[in-house]
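Observations on the model geometry
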Amino acid sequence: MSDPIDIELLGRLVRAERLKRGRLSLRAAAEQAEVPFNTLARVEKGDLPDLANFRRIVHWLGLPPERFFQPPRIRTENTPEVIAHHLARDPNLTDAAAEKIAALVRELYTSLASIQRPIRVHLRASATFKPEASRKLSSLLEQMQQKLESMPRAEH
């Protein structure tokens, strides 16, 4: 698993900032950033500082801490197919048994993991609506949505 923080970027930016500030020595930069000299030297070499020193260093750089954090990974695998793949390789299952279990997983997944997408309505004549009519329509649509959401799934 990769580090959640882009430490290489932090090291490069520390080096660049030292040059920008008149070729500061590591010792002088560490003093300005209010971190130990060894910590700043290790950061430039690619080591991760503790949280308190990380905050001091990014403050000294004038950057927000979140800039160094990598965005979360978005899963793109098809979950039922990943499960089917593992079931097919299970030495304790016959091919037929693995496929039956995989079919059950697919069916359950499809029925339980559906993503509810919001319903959007575009009213071409909306410019002619009086504000009260628009509020009533909005209220009616909200009530309909709440009723649909409260109904058991089979009744939709």
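Right, let's walk through the structure included here. Quantities reported herein were computed from a predicted structural model and do not represent experimental measurements.

1. A short note on the pattern of salt bridges
Throughout the structure, instances matching the rule amount to 6 salt bridges. Between Arg-18 and Glu-44 there is a salt bridge, with the nearest N and O atoms lying 2.5 Å from each other. Taken together, the residues span a long stretch of sequence, with Arg-18 in helix 1 (residues 7-20) and Glu-44 in helix 3 (residues 37-44) at a distance of 26 residues. The exposure class of Arg-18 is buried, given its relative accessible area of 16%. Judged by relative accessible area, which is 11%, Glu-44 ranks as buried. The salt bridge involving Glu-99 is made with Arg-106; its shortest N-O contact spans 3.0 Å. Given a relative accessible area of 43%, Glu-99 falls into the partly exposed group. The class for Arg-106 is partly exposed, based on a relative accessible area of 24%.

2. A word on unusual backbone geometry
One non-glycine residue, Arg-23, adopts positive backbone phi at about 55 degrees. Within the element layout of this structure, Arg-23 appears in the loop between helix 1 and helix 2 (26-33). Residue classification places Arg-23 among the exposed residues on the basis of a relative accessible area of 67%. Positive phi, close to 60 degrees, is recorded for Glu-34, a residue that is not glycine. In this structure, Glu-34 sits in the loop between helix 2 and helix 3.

3. Side note on the environment of Gly-46
Mapped onto the secondary structure, Gly-46 falls in the loop between helix 3 and helix 4 (51-61). The spatial distance from the C-alpha of Gly-46 to the C-alpha of Ile-7 is 6.0 Å, given a sequence separation of 39 residues.

Rules used in this analysis
- Residues numbered from 1 in each chain as written.
- Predicted model: local features only at pLDDT ≥ 70, side-chain atom pairs only at ≥ 80, totals over all residues.
- Heavy atoms only, no water.
- Salt bridge = Lys/Arg side-chain N within 4 Å of Asp/Glu carboxyl O.
- Helix = DSSP H or I, 4+ residues; strand = E, 2+ residues; numbered from the N terminus.
- Buried < 20%, exposed > 50% of the residue type's maximum accessible area, 1.4 Å probe, protein only.

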